[in-house]
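Here is what each chain is made of, one letter per residue.
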Amino acid sequence: MEKSAYLDAMGVTRWRSADAKGKPYLIIHDSDSDISQNQLVLAVLGLLDIDVADCDFDTEMVKGMQVVWDMRKLRVRPRVAWLVSTPLTALEVSHQAKRELWQQICQHNDKVAA
């Protein structure tokens, strides 16, 4: 097993210099695959005016980061994400899930504009 994967599995955070600029946004998802270049993900981030380079993609919460989108199957409280949806694979085929996500994006953007 790779050392970093072992540390991740145990929930151990690694030391990093305070000078190193971290990514401010987090997208939480269930899959182990890289979803950062998925067209739907890029479109949603564009609607939120967030650059994908400013996002970190993980399967669980990371302390100190703003959760932009939580698309895990199992809902965990407290819900601190701007957007909450079904997992990406289900979202891509469900019109109802896309409609609900669109409503959340509009509500978030209205709140930011006010």
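Everything in this summary refers to the structure shown in the same document. Not measured: the values here are computed from a predicted model.

**Here we look at the sheet that holds strand β4 (residues 83-84)**
Pairing is parallel across the open sheet formed by four strands, whose spatial order is β2-β1-β3-β4. The open sheet has two free edges, formed respectively by β2 (55-58) and β4, since each of these has just one partner strand. Looking at chain direction, strand β1 (residues 25-29) and β2 are connected through four bridges and run parallel. Each residue of the ladder has a partner; that of I28, found in β2, is D58. Packed on one face of the sheet, helix α2 (residues 39-47) meets β1, β2, β3 (66-71) and β4 and runs near 140° to β3.

**A word on the nonpolar core**
By size, the foremost hydrophobic cluster in this structure holds 18 residues, and its most contacted members are I27, V41 and W69. Looking at this core, the elements that each hand over two or more residues are α2, β2, β3, α3 (88-91) and α4 (95-113). Counting five residues, the second largest nonpolar core, distinct from the first, contains I28, M65, V67 and A81.

**Description of the environment of M61**
Note on placement: M61 falls in the loop between β2 and β3. Since its relative accessible area comes to 43%, M61 is described here as partly exposed. In this structure the C-alpha to C-alpha distance between M61 and V80, which are 19 residues apart in sequence, comes to 9.9 Å.

**Some remarks on the side chain of S85**
As for its position among the elements, S85 is in the loop between β4 and α3. The buried category is assigned to S85, whose relative accessible area is 5%. A distance of 2.8 Å separates a polar atom in the side chain of S85 from a polar atom in the side chain of W69. Among all residues touching S85, those that are not within four sequence positions of it are W69, D70, M71, R72, R75, L91 and L101.

**Thoughts on the side chain of R72**
Within the element layout of this structure, R72 appears in the loop between β3 and β4. Note on R72: relative accessible area 10%, which makes it buried. At 2.8 Å, the side chain of R72 and the side chain of D70 are in polar contact. Leave out the neighbours within four places in its chain, and R72 touches I28, H29, D30, T59, E60, S85 and P87.

**Examining unusual backbone geometry**
Phi is positive for D49, close to 60°, though the residue is something other than glycine. Locating D49 in the fold gives a position in the loop between α2 and β2.

**Some remarks on α4**
Between its first and last C-alpha atoms α4 spans 27 Å; for 19 residues at 1.5 Å apiece the expected length is 27 Å, and the two agree. Of all the residues in α4, the buried ones are A97, L101, Q104, I105 and H108. Projection of α4 onto a plane perpendicular to its axis shows the buried side chains occupying an angular sector of 100°, all on one side. Exposed residues lying more than 90 degrees from the buried face of α4 are H95, Q107, D110 and A113.

**Some words on the environment of V41**
Counting through the fold element by element, V41 comes out in helix α2. For V41, a relative accessible area of 0% translates into the label buried. Considering only alpha carbons, one finds V41 and I27, 14 residues apart in sequence, at a separation of 9.6 Å. Sequence-distant contacts of V41, defined by excluding residues within four places in its chain, comprise I27, I35, F57, W69, M71 and L88.

The rules behind the values
Residues numbered from 1 in each chain as written. Predicted model: local features only at pLDDT ≥ 70, side-chain atom pairs only at ≥ 80, totals over all residues. Heavy atoms only, no water. Pairing = 2+ DSSP bridges. Helix = DSSP H or I, 4+ residues; strand = E, 2+ residues; numbered from the N terminus. Contact = heavy atoms within 4.5 Å. Axes fitted to C-alpha atoms, helices over the stretch in contact; angles between N-to-C directions. Core = buried A, V, L, I, M, F, W, Y, C linked by side-chain atoms within 4.5 Å. Buried < 20%, exposed > 50% of the residue type's maximum accessible area, 1.4 Å probe, protein only. Polar contact = N/O pair within 3.5 Å; in protein donor to acceptor, adjacent residues only side chain to side chain. Expected span 1.5 Å × (residues − 1). Arc of directions from axis to C-beta.

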